[in-house]
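Structural description and commentary
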Amino acid sequence: MPKESSIFDFEPQGPDMAEASCRRALKEHPDRVEIWLRLAALLRKRLAYPELLESCDQAALYYHDSVDLLLNRSWALHGLRRSEEALAAVDEALALVSDSSEVLNNKANLLKDLGRHEEALDLYNRALALQPDNSSLHTNRGFLLAQLGKIESAREDFEFAISLASDCDQAIRGLLMTSFLADDPVWTWLGDQPLNLDHASPTLRGSLIFVRALFEQKAALPGFDPIPAYLEALRHEPRLFGARLNLAEELRQKGHPSEAIEILEKLLEDHPGDSRVLVNLGVSIGDTGAIEQALAKFEASPTELARHNAIFYRNYDPKTTRSNIKAAAMAMGKWLLQRAGFSGDQRPVRRFRQRQRSEPLRVGFVGGDFHLHPVGLMLSAILAELDSERIQPFIYSNSPIRADWMSRRFRLLTEQKAGLFTSIHELSTEEQVKKLGQDNLDILIDLAGHTLNTALPALAHRPAPLQLSWLGYFSTTGLETIDAVILDPGLIVEPVEEEFSEKILLLNPTRFCYFPMPGTPPVIPGPLQRNQVITFGSFNNTTKLNREVLALWRKILSSVPDSRLLLKWKTLMDAAYADSLRSFFAEGGVAADRLDLRPISPHLKMLAQYGDVDIALDPFPFSGGFTSLEALWMGVPVITLPGERVVSRQTYSFLACIDALELVARDPNHYGELAIELANDQSRLQRYRCELRGRLGSSSLCQPSLFAEKFTLLLEQAYSSTQRGCPLD
């Protein structure tokens with residue numbers, strides 16, 4: 001067979017003309033591998049995966065053992081999301097040249113994109129052993145090490161790559177990124193290097209703008225908006241992955257999921273199977289209430305974050321049973337234990353410290369919401385009432401600490417009670433375990449579960465002898481080292497074992513403690529009383545607004561002439577999403593002008609807008625939590641439909657505490673009947689308006705000192721039972 005060559009002479013021309021020239025040449029010389037490779041390079045550059053695969057298959061009729069063609073075939077298959085076939089093509093190439101650093105690099109790149117990071121790292125190491133002075137290999141390994149959290153090792157790779165090739169844009173981008181992750185501005189380092197940034201490529205210019213924006217965002221500069229900087233970076237280099245990904249996330253967080261979805265779908269076309277894109281796309285889709293589609297994105301990604309999200313988002317899905325959620329959570333829990341180094345029947349040992357009976361219990365609280373957040377508001381009210389002679393609190397923030405009045409309140413309260421307020425957000429799992437262990441905790445309470453700021457990987461090591469789940473999560477963690485979950489009677493439907501792997505500890509009558517926002521506006525007459533127009537409303541996260549919920553609300557509006565529906569959440573500033581809601585209601589005969597769609601606003605202004613709502617409609621199966629408490633505090637009755645899952649019974653539990661079970665529906669039809677009946681009873685609505693704040697304020701939900709006493713007693717009894725080896729109950 002003819003010898004392979006990378007040389008084929010074409011006149012200088014654009015890519016379209018070059019591609020046409022290749023195809024003409026192949027008609028005359030179908031056995032010239034260099035032409036096939038030239039065509040493959042052109043197709044690969046414009047991401048024409050189907051055509052690239054077809055050309056590789058045609059070339060294979062002449063060349064069965066071309067390493068370059070096999071690598072191109074693998075690239076095409078990966079682009080078409082046929083990952084296993086892509087790996088098989090690389091393995092064929094490796095069978096031909098097992099000592100090729102290029103082939104090892106290609107397979108490592110593929111495994112990295114698939115989330116198989118440890119295997120990819122091994123291949124990069126093997127490739128570098130063969131070619132230690134290859135700047136591209138060091139750069140590729142650097143990006144993987146950065147993903148694995150090995151920032152210093154990644155920086156070493158990038159710096160060495162730049163020393164080998166000072167114009168290596170990708171390595172410079174990597175150095176910029178790792179400097180950001182290490183919180184170490186890199187501008188001085190760059191100034192000492194033989195780099196002429198005045199003549200930098202568009203890619204490097206875009207990267208510099210992007211990373212500078214990340215530094216400024218991390219510095220939390222007042223009023224800083226990174227979106228213009230991301231757009232400017234993309235003006236220089238439209239393909240810049242990080243800028244595109246971050247732009248989408250910023251848009252989503254600011255209430256524009258449709259724009260985020262558009263960016264992420266295009267990004268996924270360019271980076272098929274990329275786990276970061278899949279996770280962000282799933283969250284953005286979830287913001288529009290399309291839970292099944294969101295779950296499909298999470299389940300297509302093999303990463304830990306995607307698995308946490310898949311478990312969490314199942315709680316929004318009307319079709320998911322509690323046993324399904326438990327099975328997924330337990331599979332994740334088993335995986336976390338294995339990753340922590342515990343296999344088979346091996347489990348971490350409980351280690352009790354030497355404690356005098358007169359000493360307070362050292363109780364840790366770990367989560368990501370120790371700021372102006374529902375969890376922060378409720379926990380701070382309890383923390384203020386804890387007896388420091390019985391409980392010594394340790395607060396571990398697993399998210400960046402925000403400089404708001406609530407985070408300052410947490411810091412002050414823990415200091416007053418001889419405790420600790422600290423951030424573990426930037427620590428690795430191993431460092432978190434070490435920190436938690438050094439503090440000699442008696443009890444560690446997880447407040448995050450499978451949400452974004454989870455610390456479950458650290459809790460899998462059992463840094464405290466008794467570990468509980470409470471408040472910030474509403475389902476099973478599935479992790480064997482979480483001993484129990486704190487619930488209340490209103491949240492439970494037997495058999496509770498269908499939903500929880502943990503033991504159940506009951507706080508009676510409620511596991512919540514409501515802390516009204518300081519400065520909450522007074523209750524005012526509702527719109528029915530003011531202008532004789534009944535207005536239903538929901539201020540819940542739109543992720544909860546699935547089609548079953550919206551269809552029932554549409555039916556209610558159709559049955560109450562001239563009634564209105566006020567929805568309020570940040571996503572409602574998204575024009576495409578808002579239009580889709582209006583269209584859905586219009587299909588059922590509800591005119592667009594009967595929908596009042598409002599975006600997010602400052603907390604106190606949001607509370608004042610309950611003055612524009614007569615009746616709150618609770619979503620299902622994911623019911624309101626703090627949102628329902630705030631509606632009741634503002635004098636607005638909440639109609640709810642509890643199910644079997646804890647997350648569907650939160651509002652029910654609140655209504656039980658204030659003796660308002662007449663607002664609880666048995667089924668969707670009854671839900672509609674209750675809403676219509678209440679809409680036609682103006683005197684009853686006025687009575688709720690006058691009474692609900694007082695009823696809530698005098699209930700067990702608003703008695704922090706009483707709650708703190710019950711909570712302390714529960715912890716003391718649970719710790720004593722655990723220390724004596726008795727079962728928790």
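Keep in mind it's a predicted model, so treat the numbers as computed, not measured. (Residues numbered from 1 in each chain as written. Predicted model: local features only at pLDDT ≥ 70, side-chain atom pairs only at ≥ 80, totals over all residues. Heavy atoms only, no water.)

**Quick notes on the side chain of Lys112**
Put simply, the rule reads: Counting from the N terminus, the helices are DSSP H or I runs at least four residues long and the strands are E runs at least two residues long. Residue contacts are defined here by distance: any two heavy atoms, one from each residue, within 4.5 Å place the two residues in contact.
The topology assignment puts Lys112 in helix H6 (residues 101–113). When residues no more than four places from it in sequence are discounted, the contact partners of Lys112 are His117, Ala120, Tyr124, Asn140, Phe143, Leu144 and Gln147.

**Quick word on the packing of helix H25 (residues 547–559) against helix H30 (residues 668–679)**
The line we're drawing: Here an angle of 0 to 180 degrees is reported between the N-to-C directions of two axes, which are lines fitted to C-alpha atoms, with helices fitted over the stretch in contact. In this scheme, a crossing is called left-handed if the near helix is turned counterclockwise away from the far one by less than a right angle; it is called right-handed if the turn is clockwise. Here the term charged refers only to Asp, Glu, Lys and Arg, the term nonpolar to Ala, Val, Leu, Ile, Met, Phe, Trp, Tyr, Cys and Pro, and the term polar to all other amino acids, Gly among them.
Viewed as axis vectors pointing N to C, H25 and H30 meet at an angle of 40°, and their least axial separation amounts to 10 Å. H25 and H30 meet at a crossing whose hand is right-handed. Within the contact between the two elements, H25 uses Leu552, Trp553, Lys555, Ile556 and Ser559 and H30 uses Pro668, Asn669, Tyr671, Gly672, Ala675 and Ile676. Residue composition of the contact of H25 with H30, by class: 7 nonpolar, 3 polar and 1 charged.

**What about the nonpolar core?**
Spelled out, the test is: The definition of a nonpolar core used throughout is a set of buried Ala, Val, Leu, Ile, Met, Phe, Trp, Tyr and Cys residues joined through side-chain atoms within 4.5 Å. Here the term buried applies to any residue with accessible area under 20% of the maximum for its type, exposed to any over 50%, and partly exposed to those in between, with areas from a 1.4 Å probe on protein chains only.
Counting 214 residues, the largest nonpolar core has Phe365, Ile445, Trp470, Phe536, Trp553, Tyr671 and Phe711 as its most contacted members. In contact with Phe711, not counting residues within four places along its chain, are Phe365, Ile382, Leu386, Ile445, Trp470, Ile486 and Leu507. Counting residues in each nonpolar core, the second largest holds 8 residues, with Ala18, Cys22, Leu39 and Leu42 among its members.

**Section: the pattern of salt bridges**
Should the charged atoms of two oppositely charged side chains come close, the side chains can pair. To keep it simple, the criterion reads: The salt bridge definition used is simple: a Lys or Arg side-chain nitrogen within 4 Å of an Asp or Glu carboxyl oxygen.
Here the structure, examined in full by the defined rule, presents 32 salt bridges. Among the salt bridges present, the one from Glu299 reaches Arg314, with a minimum N-O distance of 3.0 Å. On the criterion of sequence distance, the pair formed by Glu299 in helix H17 (residues 291–299) and Arg314 in helix H18 (residues 304–314) is long-range, its members being 15 residues apart. Judged by its relative accessible area of 49%, Glu299 falls in the partly exposed class. Residue classification places Arg314 among the buried positions, given a relative accessible area of 17%. With a closest N to O distance of 3.2 Å, Asp579 and Arg582 form a salt bridge.

**Some words on the sheet that holds strand E9 (residues 564–568)**
Counted only if it meets this: We treat two strands as partners when DSSP finds at least two bridges between them.
Sheet architecture is open: 5 strands sit in the order E10-E9-E8-E11-E12, paired in parallel fashion. The sheet terminates laterally at strand E10 (595–598) and strand E12 (638–639), the two strands that pair on one side only. Of the pairings in the sheet, the one linking strand E8 (residues 535–538) to strand E11 (residues 615–617) comprises 2 bridges and is parallel in character. Paired with Phe536 across the strands is Ile615, a residue of E11. Contacts from H30 reach E8, E11 and E12, with the element oriented near 165° to E11.

**A word on helix H20 (residues 374–385)**
The α-helix winds at 3.6 residues per turn, so residues separated by three or four positions along the chain end up facing the same way. Selection criterion: One less than the residue count of a helix, multiplied by 1.5 Å, gives the span that helix is expected to have.
Under the 1.5 Å per step criterion, the end-to-end length of H20 is 18 Å for 12 residues, consistent within 8% with the ideal 16 Å. Counting buried positions along H20 yields 9 of 12 residues, so the element is predominantly enclosed. Along H20, the residues classified as buried are Val375, Gly376, Leu377, Met378, Leu379, Ser380, Ala381, Ile382 and Leu383. Contacts made by the buried residues of H20 are with strand E1 (361–367), strand E2 (391–397), helix H21 (405–416), helix H27 (603–608), helix H28 (626–633) and helix H32 (704–723).

**Digging into the side chain of Ser538**
Our working definition: N or O atoms closer than or at 3.5 Å make up a polar contact, with two conditions inside protein: a donor-capable atom paired with an acceptor-capable one, and, for residues adjacent in sequence, both atoms drawn from side chains.
Within the element layout of this structure, Ser538 appears in strand E8. Of note is the side chain of Ser538, whose polar atom sits 3.3 Å from the side chain of Asn540. Excluding residues within four positions of it along the chain, Ser538 makes contact with Trp553, Leu566, Leu567, Lys568 and Leu617.

**Some remarks on unusual backbone geometry**
Residues Glu494 and Pro495 are joined by a peptide bond in cis, for which omega reads -5°. Considering the arrangement of structural elements, one finds Pro495 in the loop between strand E6 (484–487) and strand E7 (503–506). At the junction of Asn508 and Pro509, the peptide bond is cis and its omega measures out at 10° in the coordinates. Looking at where Pro509 falls in the secondary structure, it is placed in the loop between E7 and helix H24 (527–531). Of note, Leu471 is a non-glycine position whose phi angle comes to about 70°, a positive value. Taking relative accessible area as the criterion, Leu471 reaches 7% and is therefore assigned buried. With a phi angle near 65°, Gln532 is a residue other than glycine that sits in the positive phi range. Tracing the backbone through its elements, the reader meets Gln532 in the loop between H24 and E8.

**A word on the environment of Phe584**
Position of Phe584 among the secondary structure elements: in helix H26 (residues 575–587). Considered as a pair, Phe584 and Gly537 are 47 residues apart in the sequence and their alpha carbons are 17 Å apart. Not counting residues within four places of it along the chain, the set of residues in contact with Phe584 comprises Arg547, Leu550, Ala551 and Arg554.

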